[in-house]
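Residue-level listing of the chains:
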Amino acid sequence: MIDVYSWPTPNGHKVHIMLEETGLNYRVHGINIRAGDQFKPDFLKISPNNRIPAIVDHDGPGGKPISLFETGAILLYLASKSGKFLPIDMHARWACVQWLMWQMGGVGPMFGQANHFRRYAKEKMEYPIERYTNEANRLTNVLDKRLAEMPYVAGEYSIADIAIFPWMRGAENRGVNIGEYPNVKRWFDEINARPAVQRGVKVLAEVQTTSAAPHDDKSWDIMFGKTQFQRR
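Residues numbered from 1 in each chain as written. Predicted model: local features only at pLDDT ≥ 70, side-chain atom pairs only at ≥ 80, totals over all residues. Heavy atoms only, no water.

A. How the structure looks around the nonpolar core. Core analysis: the largest hydrophobic core is formed by 63 residues, its most contacted members being Ile55, Leu78, Leu143, Ile159, Met168 and Trp187. Discounting chain neighbours no more than four positions away, the residues touching Ile55 are Ile2, Asp3, Val4, Val15, Ile66, Ser67, Leu68, Ile74, Tyr77 and Leu78. (Core = buried A, V, L, I, M, F, W, Y, C linked by side-chain atoms within 4.5 Å. Buried < 20%, exposed > 50% of the residue type's maximum accessible area, 1.4 Å probe, protein only. Contact = heavy atoms within 4.5 Å.)

Spelled out as structure tokens, the structure:
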């Protein structure tokens, strides 16, 4: 059994989708990042960077429990455990890994900054909004060009696609109109139609309204203010 400590965010949904795609047994524990659950000592033991998601596989390598944080590491681990969604061909495998790293180092951070300055920053500042919106579109164009060459970023459907896809949901919040990127649109629609993906994005759906509600002063401070940066 795999315990998943998560919340319905793009990073959370990466792992939810992967678990649904692989069919591995799991149970999910909601970590309310607006309420500060990510700072609780028990969670910090498995996710010292106080970020969701994190997992504990009670039947890890050698039958011993293993805990993991960082979605790239989690996806690689689940692919290794299940034998799925990481290509066997070494050229395709390294293409998959490089696009996974591209998501981790580019799409996630840059889309996240665009989302923050466009939606959550208390002051609407033109420079960061323009900068990160432009970067979100630049990255989407990189993806569009890649998908003009092949159906999925590594040729076959893989953890790289699973990592990128949730960040393309609600792309308009980051200033990206997917309709302007036809290859991304085709790829997005195909992945979005997969039954396991549809199940994955519904994980923790019961808290979706709460997680999308406007921030009050307390939740804003927890997510973006001094509470976020306290030493623990």
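Read on for the rest.
B. Fine view of unusual backbone geometry. Following Ile52, the chain continues into Pro53 via a peptide bond in cis, with omega recorded as -5°. When you line up the elements, Pro53 lands in the loop between helix H2 (41-46) and strand S3 (54-57). Of note, the phi angle at Leu204 is positive, near 65°, even though the residue is not glycine. Residue placement: Leu204 occurs in the loop between helix H8 (195-200) and helix H9 (208-212). On the accessibility criterion, Leu204 (8% relative accessible area) is buried. (Helix = DSSP H or I, 4+ residues; strand = E, 2+ residues; numbered from the N terminus.)

C. Quick look at the packing of helix H3 (residues 71-82) against helix H4 (residues 90-120). Direction vectors running N to C along H3 and H4 enclose 150°, while the axes themselves pass 10 Å from each other. Our classification of the angle between H3 and H4 gives roughly antiparallel. Between H3 and H4 lies a crossing of right-handed hand. Counted together, Thr71, Gly72, Leu75 and Leu76 of H3 and Val97, Leu100 and Met104 of H4 form the full contact between these two elements. (Axes fitted to C-alpha atoms, helices over the stretch in contact; angles between N-to-C directions. Parallel < 35°, antiparallel > 145°, perpendicular 65-115°, else oblique. Left-handed = near helix turned anticlockwise from the far one by under 90°.)

D. How the structure looks around helix H7 (residues 182-192). Buried within H7 are the following residues: Val184, Trp187, Phe188 and Ile191. Burial along H7 is one-sided: seen end-on, the buried residues are contained in an arc of 100°. In this structure, the buried side of H7 is in contact with helix H5 (126-147), helix H6 (159-168) and H8. (Arc of directions from axis to C-beta.)

E. Local environment of helix H1 (residues 10-22). In this model H1 runs 18 Å from its N-terminal to its C-terminal C-alpha over 13 residues, within 8% of the 18 Å that 1.5 Å per residue would give. Residues Pro10, Gly12, His13, Lys14, Val15, His16, Ile17, Met18, Leu19, Glu20, Glu21 and Thr22 constitute the buried set of H1. Note on H1: the residue one or two positions beyond its end, Gly23, has a positive phi of about 80°. (Expected span 1.5 Å × (residues − 1).)

The quantities given are spatial measurements derived from coordinates; they are silent on function.
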